[in-house]
Amino acid sequence: MARHLPPFLLAALALSRASAFTSPNHHGSIPSAAATRRQRRSSSSSLTALSVRRMPIVMPTQEPMVPYRAPGSSYDQFIGLQSRQLRDRKLWIARYIDEEASNSIISSLLYLQSESDKEDIKLYLNIPGANLRPALAIYDALSELKADGCKIATTNVALCAGMGALLAGAGTKGMRYSLPNARYLLQKTGMDVVFRGQATDIALEVKNVKRWNEKINAELSKVTGQPSERIDEDMKRDFYLSSEEAVRYGLIDEVLLPMPNKRQPPTEVVDLGSFMSGEENKFQGERPPPSGQEQQQQNAGMMRTNDDDEPPVGKA
């Protein structure tokens, strides 16, 4: 059986419009019902304004899209710029090389080899740095492709630092290029992270790093033709090379310079030929009309000659 409330309590509840769950304000008084409703309307309107705020429209990918028509197709479709260049056997490596980048690059190289092992592969490099193991995996893949007869052209467009310099020199001899303002940085490898542990473990890690530095020096010696002793001496500190210095060092083969402007010499007469018409061109095969200076000389000579209509003037 439900219990009935006393009459005075029912009257108090009827007179009071404040909710039992309404907290007092900073003045210590409970807000009225009208103030509570206004607060709720303002909060709901603010929530509604936040819910209808539109986010900026962005492209689904940061890679530019270009039209491409597949062989045998009658219409174009938009694909990524790097994918389009990959179809032309051009691969851009413009990032720090870690495990993820190494897997993507090696898979692209193997795909290009499966498409054709006779056509050249062009690599455009802008490598600010690389981890040792992923970069060596790419270097081994390039060596394997060259052993199978695939020619690989490398072009440094900005900077090849660390293991990126080794990858720039890993192309086919005679096909290792660089832009005029590109640079190279040869440096020794170190530990990826701070190593902690017992003294014997730290000694083993240091020994491993020294062994891999000797391995990289040996590979650079194969690529450049320089003795390992000189490479070890040069890489005691960061060793920067410009494009011309990299050619002299043997790291690359050629610097790509802009072609000079091919203009007609000013002293040579330009033969414009004949126009495509049935009639003979005006002044063709004849002496061209006199210039302004020649015309003035002719007019002066005519003024100095005697007039035929007047009698000759005799001298006194």
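Here's a quick rundown of the structure. Being a predicted model, the structure only gives us computed values, none of them experimental.

With 43 residues, the main nonpolar core has Leu109, Leu123, Leu142, Met163, Tyr184 and Leu186 as its most contacted residues. Considering each element in turn, this core owes the most residues, eight residues, to helix α5 (residues 132-147). For leucine 186, the residues in contact, after removing those within four places along its chain, are Ala165, Leu220, Met235, Arg237, Asp238, Phe239, Leu241 and Tyr249.

With their axes 13 Å apart at the nearest point, α5 and helix α7 (residues 199-224) run at an angle of 30 degrees to one another. Relative to α7, the element α5 lies roughly parallel. Handedness of the crossing formed by α5 with α7: left-handed. Contact residues: α5 offers Leu132, Leu136 and Tyr139, while α7 offers Trp212, Ile216, Glu219 and Val223.

The first and last C-alpha atoms of helix α4 (residues 99-115) sit 25 Å apart over 17 residues, in line with the 24 Å expected at 1.5 Å per residue. Taken as a whole, α4 has its buried residues at Ala101, Ser102, Ile105, Ile106, Ser108, Leu109 and Leu112. Taken around the axis of α4, the buried residues stretch over an arc of 160 degrees, which confines them to a single face. Residues Glu100, Asn103, Ser114 and Glu115 are exposed on α4 and point more than 90 degrees away from its buried face.

The next point concerns the pattern of salt bridges. For the structure on display, the rule yields nine salt bridges. Of the charged contacts, one joins lysine 188 and aspartate 232 as a salt bridge, the two residues approaching to 3.3 Å between their closest N and O atoms. Placement of the pair is lysine 188 in the loop between β7 (183-186) and α7 and aspartate 232 in helix α8 (residues 228-234), with a sequence separation of 44 residues. Judged by relative accessible area, lysine 188 falls into the partly exposed class, the value being 36%. Exposure remark for aspartate 232: the relative accessible area of 30% places this residue in the partly exposed category. Across the salt bridge formed by lysine 236 and glutamate 233, the nearest N and O atoms sit 3.2 Å from each other. Given a relative accessible area of 48%, lysine 236 falls into the partly exposed group. In the salt-bridge network here, residues are joined through shared partners; they are Lys215, Glu219 and Lys222.

Our focus in this paragraph is the packing of α4 against α5. At a minimum axis distance of 9 Å, the contact between α4 and α5 shows a crossing angle of 10 degrees. Judged by the angle between their axes, α4 and α5 are roughly parallel. When α4 is examined against α5, the residues Glu99, Ser102, Ile105, Ile106, Leu109 and Gln113 are found in contact with a partner set consisting of Pro134, Ala137, Ile138, Ala141, Leu142 and Leu145. Residues of the contact of α4 with α5, tallied by class, amount to nine nonpolar, two polar and one charged.

Counted by the stated rule, this structure contains two aromatic pairs. Relative to tyrosine 124, the ring of tryptophan 92 has its centre 5.2 Å away and its plane inclined at 20 degrees; by these criteria the two rings are stacked. On the criterion of sequence distance, the pair formed by tryptophan 92 in strand β3 (residues 90-93) and tyrosine 124 in strand β4 (residues 121-127) is long-range, its members being 32 residues apart. Measuring from centroid to centroid gives 5.5 Å for phenylalanine 239 and tyrosine 249, while their planes differ by 55 degrees, and the two rings are tilted. Note that phenylalanine 239 is positioned in strand β8 (residues 239-242) and tyrosine 249 in helix α9 (residues 243-249), a separation of 10 residues in sequence. On the basis of relative accessible area, tyrosine 249 is assigned to the buried category, the value being 6%.

Here is what the cut-offs are and how they apply
- Residues numbered from 1 in each chain as written.
- Predicted model: local features only at pLDDT ≥ 70, side-chain atom pairs only at ≥ 80, totals over all residues.
- Heavy atoms only, no water.
- Core = buried A, V, L, I, M, F, W, Y, C linked by side-chain atoms within 4.5 Å.
- Buried < 20%, exposed > 50% of the residue type's maximum accessible area, 1.4 Å probe, protein only.
- Helix = DSSP H or I, 4+ residues; strand = E, 2+ residues; numbered from the N terminus.
- Contact = heavy atoms within 4.5 Å.
- Axes fitted to C-alpha atoms, helices over the stretch in contact; angles between N-to-C directions.
- Parallel < 35°, antiparallel > 145°, perpendicular 65-115°, else oblique.
- Left-handed = near helix turned anticlockwise from the far one by under 90°.
- Expected span 1.5 Å × (residues − 1).
- Arc of directions from axis to C-beta.
- Salt bridge = Lys/Arg side-chain N within 4 Å of Asp/Glu carboxyl O.
- Nonpolar A, V, L, I, M, F, W, Y, C, P; charged D, E, K, R; others polar.
- Phe/Tyr/Trp six-rings, centres within 6.5 Å; stacked < 30°, edge-to-face > 60°.

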